[in-house]
Amino acid sequence: MITVHTLGTGSGKPTPERNVSCTAVFREGELVLFDCGEGTQTQIARSQLRPGVIQVICITHFHGDHINGLPGLLGTLQLNQRTEPLTVIGPKGLKQYLQTLSRLNILGVGYGLNLIEVTEPGVVYEGNGYAIATERLRHRVPCWGYRMFEPPRPGKFNLEQARALGVPAGPMFGRLQRGEAVTLEGGEQIQPEDVLGPARPGLALAYCCDTQPCDGAVRLAGGADLLIHEGTYGPGEEKLAHARGHSTMLDAARTARDAGVRELIITHISQKYTRIEGFAKKVREVFPQAHFARDLNVFELKYNA
Ligand SMILES: [Zn+2]
Ligand SMILES: [Zn+2]
């Protein structure tokens, strides 16, 4: 299972109701952050998450509401005596930005920083049981969306078939389930495919922020279990939204529908909206499984089968 924590769900500037952009994904004891707006550390402290387990930080673009929290967080990890290396992925200019802070002595980190500048779409990072791919979005400055995905999982174990083939209950069951061949006492080899059903897909989620509707977002989110997409403006404000390189909540729903995802979380919501409940009906007419993020919401992403 994966849990998704919407730490900051507002656009532009932080308010007491909504912090600026950061979404954390917790998987197998590791954290991946998508964007790191100002106040991200405080939001992590308010959540059940621990900053020490952050492995990767993915920055979409260099607007302040997506990156201003990065130096502070990196500095805190140093104060916490981190020794493990940390990966930061972002647009071209990321290295220059962090090196400048370091040269000015604003930032000093003793742990290894693995900095990856994205220059073209595709897989940019391979982690422990998952990978991260990118795709170009359409915003006022160069902006990358991210897809975090697991490889396919082994198929379902067919207990009756294993028994019929003479596999004794015990450790051999586990080895077959993990995809290893086993040899029976009589010397006969049993292959995992003899007792496993077809491979099942791993979990996949996409993060698209900030963008106006674009093919890149649909491609990136294609068939994912979850799409986290910006919806800065309410339905009906498409003209204004697109002129500013943003999406409305309806645009987010259309992208989710076109990409064939299971669930949608709408985030990066303009601070001018104090109540968004009124938008839900229109949005869910386009995509029924739409959720409107609030700060510190936790969303569980479970396997379909
Ligand atoms: Zn933004
Ligand atoms: Zn932006």
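Keep in mind it's a predicted model, so treat the numbers as computed, not measured.

A.B. asks: Got a minute to help me understand helix α10 (residues 249-259) in this structure?
C.D. replies: Given 3.6 residues to a turn, an α-helix orients residues that are three or four positions apart in the same direction. Within α10, 8 of the 11 residues are buried, which leaves it mostly tucked inside the rest of the structure. Those residues of α10 not exposed but buried are M249, L250, D251, A252, A253, T255, A256 and A259. Taken together, the buried residues of α10 touch α8 (215-221), β13 (226-230), α9 (238-243), β14 (263-267), α11 (280-286) and β15 (290-292). Within two residues after α10, G260 carries a phi angle of roughly 65°, on the positive side.

A.B. asks: I'm lost on the coordination of the zinc ion (ligand 1) in this one. Help?
C.D. replies: Ideal coordination angles are 109.5 degrees for a metal with four donors arranged tetrahedrally and 90 or 180 degrees for a metal with six donors arranged octahedrally. All of the protein donors around the zinc ion (ligand 1) are D65 (OD), H66 (NE2), D210 (OD) and H268 (NE2); their distances to the metal are 2.1 to 2.3 Å. Taken together, the 4 donor atoms coordinating the zinc ion (ligand 1) and their angles of 89 to 168° define a geometry best described as irregular. Going along the chain, you hit the donors of the zinc ion (ligand 1) in the pattern D-H-x143-D-x57-H. Between the two metals, the zinc ion (ligand 1) and the zinc ion (ligand 2), the spacing is 3.5 Å, and D210 donates to both. Here the residue D65 occupies a position in helix α2 (residues 64-67), and D210 occupies one in the loop between β12 (204-208) and α8, the gap between them amounting to 145 residues. For the residue pair D65 and D210, the accessibility class agrees, reading buried in each case.

A.B. asks: Which parts of the structure should I look at to understand the pairing of β14?
C.D. replies: Successive side chains on a regular strand alternate, one facing one side of the sheet and the next facing the other. Burial of β14 is extensive: 5 of the 5 residues sit out of reach of the surface. Both faces of β14 are covered, namely the face carrying E263, I265 and T267 and the face carrying L264 and I266. Pairing of β13 with β14 involves 5 bridges; the strand directions are parallel. The residue of β14 that forms the bridge with H229 is I266. Regarding topology, α11 serves as the crossover connection from β14 to the parallel β15, and that connection is right-handed.

A.B. asks: Teacher, can you tell me more about the sheet that holds strand β9 (residues 144-149) here?
C.D. replies: The strands making up a sheet associate through backbone hydrogen bonding, with each pair oriented either parallel or antiparallel. An order of β7-β8-β9-β12-β13-β14-β15 is seen for the 7 strands of this open sheet, with the pairing classed as mixed. Edge strands, defined here as strands with exactly one partner in the open sheet, are β7 (122-126) and β15. Between one strand axis and the next, the sheet turns through 20° on average, direction left out of account. Against the sheet, α10 engages β13, β14 and β15, with an angle of about 150° to β13.

A.B. asks: For this particular structure, what's the right way to read the nonpolar core?
C.D. replies: Where a protein is soluble and globular, its nonpolar side chains tend to be buried together. L227, M249, V261, L264 and I266 are the most contacted members of the largest nonpolar core, which totals 30 residues. Among the elements that line this core, the one with the most residues is α10, at 5 residues. Setting aside its immediate chain neighbours within four residues, M249 contacts G231, Y233, G234, P235, I266, I269, Y273, I276, F279, V283 and F292. One finds F34, Y125, W144 and Y146 within the second-largest nonpolar core, a separate group that totals 26 residues.

Conventions and cut-offs
Residues numbered from 1 in each chain as written. Chains lettered and ligands numbered in written order. Predicted model: local features only at pLDDT ≥ 70, side-chain atom pairs only at ≥ 80, totals over all residues. Heavy atoms only, no water. Buried < 20%, exposed > 50% of the residue type's maximum accessible area, 1.4 Å probe, protein only. Helix = DSSP H or I, 4+ residues; strand = E, 2+ residues; numbered from the N terminus. Contact = heavy atoms within 4.5 Å. Donors = N, O, S within 2.8 Å, 3.2 Å for Na, K, Ca; no water. Tetrahedral: all angles 85-135°; square planar, octahedral: opposite > 155°, others 65-115°. Pairing = 2+ DSSP bridges. Right-handed = clockwise from strand over helix to strand, strands pointing away. Axes fitted to C-alpha atoms, helices over the stretch in contact; angles between N-to-C directions. Core = buried A, V, L, I, M, F, W, Y, C linked by side-chain atoms within 4.5 Å.

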